[in-house]
Amino acid sequence: MKIATWNVNSIRTRQDQVLSWLQGQDIDVLCLQETKVIDQDFPRSPFEELGYHVYIYGQKAYNGVAIFSRLNIESVIMGFTPILGADQVGELDDQKRVIAGVIDDICIVNVYIPNGSSVGSDKYEYKLQWLNRLGDYLQQMLIKYPHLCICGDFNIAPEDRDIYNPQNRENHIMASAAERQALDAIANLGLADGFRKFTQDGGHFTWWDYRAASFTRNRGWRIDHHYLSPGLYQNAIACYIDTEPRTQPKPSDHAPVILEIGT
DNA sequence: ATGGCGACAGGATGTCGA
């Protein structure tokens with residue numbers, strides 16, 4: 001089974017690129033982030049015609065997540081509230097950032113973790129609060145679904161080797177100690193970074209700023225991830241970043257990441 | 001040091017992303 005994650009930065013702008021990418025791959029599950037469209041305007045039929053079931057959880061202009069799956073998903077869970085209850089979630093489901101479903105006995109959790117703007121800002125506090133609630137959510141999900149893959153745009157580089165220039169990054173958004181600690185807390189639930197099962201060196205990135213020719217200079221960050229429960233981690237046979245779509249005209253600023261799980 | 005670029009909403013330019 002191939003599970004891919006891709007922050008497309010608007011599905012309507014990137015529709016043709018996602019379609020042609022899927023046609024050249026053999027993807028079973030594609031998790032999208034930053035779809036940036038309300039559900040009634042989501043271009044679902046082109047992807048259905050390609051053989052995918054389409055599950056969407058979007059909003060106007062910002063955020064939005066979706067799962068495309070060749071196999072039908074029986075129970076789709078949108079937001080934190082179905083798992084944690086409205087009292088625990090509060091305003092955190094106003095932004096559409098998490099959708100999950102069970103496919104072939106594997107629970108796929110697709111997340112678009114908040115960016116956080118800058119360390120110490122209100123958005124930074126929101127990001128940390130959101131990560132804390134994500135931990136509560138995953139704790140419950142792992143009880144129900146022990147085979148779990150959480151993937152998406154985490155907006156956190158786990159280690160210095162995941163940043164093109166790791167100097168002076170302690171107070172940089174996506175690399176601060178509190179963000180990494182929040183990610184560690186999630187990993188400590190029993191989830192491991194699929195990419196690092198296979199690749200140990202630096203210089204492998206999933207996001208490059210549109211500005212300053214960052215991609216051609218490979219000035220990037222590895223912030224899109226798959227974290228796997230122990231059995232899935234054991235069965236993972238590959239995890240890689242496909243930089244080809246990032247070379248196209250009018251690309252997303254993120255590249256897709258593909259995880260392969262054997263049987 | 002700052003801004004660079006791109007998408008969206010709305011109909012000029014401000015907000016947001018990372």
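Residues numbered from 1 in each chain as written. Chains lettered and ligands numbered in written order. Predicted model: local features only at pLDDT ≥ 70, side-chain atom pairs only at ≥ 80, totals over all residues. Heavy atoms only, no water.

As recorded by an unreviewed UniProt entry, chain A carries the name Exodeoxyribonuclease III and is attributed to Limnospira maxima CS-328. Recorded in UniProt for chain A, the comment headed Sequence similarities (unreviewed entry) runs: "Belongs to the DNA repair enzymes AP/ExoA family." (UniProt positions renumbered as here; feature names shortened; annotations may be inferred.)

Peer 1: Looking at this structure, how should I read the packing of aromatic side chains?
Peer 2: When we look at a pair of aromatic rings, we describe it by the centre distance and by the angle of the planes. Overall, the coordinates contain eight aromatic pairs when judged by the stated rule. Judged by centre distance (5.5 Å) and plane angle (40°), the rings of Phe154 and Tyr227 are tilted. Taken together, the positions of Phe154 in the loop between strand 8 (148-153) and helix 6 (177-187) and Tyr227 in strand 12 (residues 224-228) put the pair 73 residues apart, joining distant regions of the chain. The exposure classification of Phe154 matches that of Tyr227, with both residues buried. Taken together, the aromatic side chains of Phe42, Phe47, Tyr52 and Phe68 make up a single cluster linked through ring pairs. (Phe/Tyr/Trp six-rings, centres within 6.5 Å; stacked < 30°, edge-to-face > 60°. Helix = DSSP H or I, 4+ residues; strand = E, 2+ residues; numbered from the N terminus. Buried < 20%, exposed > 50% of the residue type's maximum accessible area, 1.4 Å probe, protein only.)

Peer 1: Where do I start with the sheet that holds strand 3 (residues 53-57) in this structure?
Peer 2: Neighbouring strands of a sheet are bound in pairs by backbone hydrogen bonds; such pairs are parallel or else antiparallel. The strand order 3-4-2-1-14-13 describes an open sheet built from six strands, whose pairing is mixed. In this open sheet, the two edge strands, each paired with only one partner strand, are strand 3 and strand 13 (236-241). Neighbouring strand axes in the sheet, compared pairwise and without regard to direction, differ in orientation by 10° on average. The sheet contact formed by strand 1 (residues 2-7) and strand 2 (residues 29-33) spans five bridges and is parallel. In the strand pairing of strand 2, Trp6 is matched with Leu32. (Pairing = 2+ DSSP bridges. Axes fitted to C-alpha atoms, helices over the stretch in contact; angles between N-to-C directions.)

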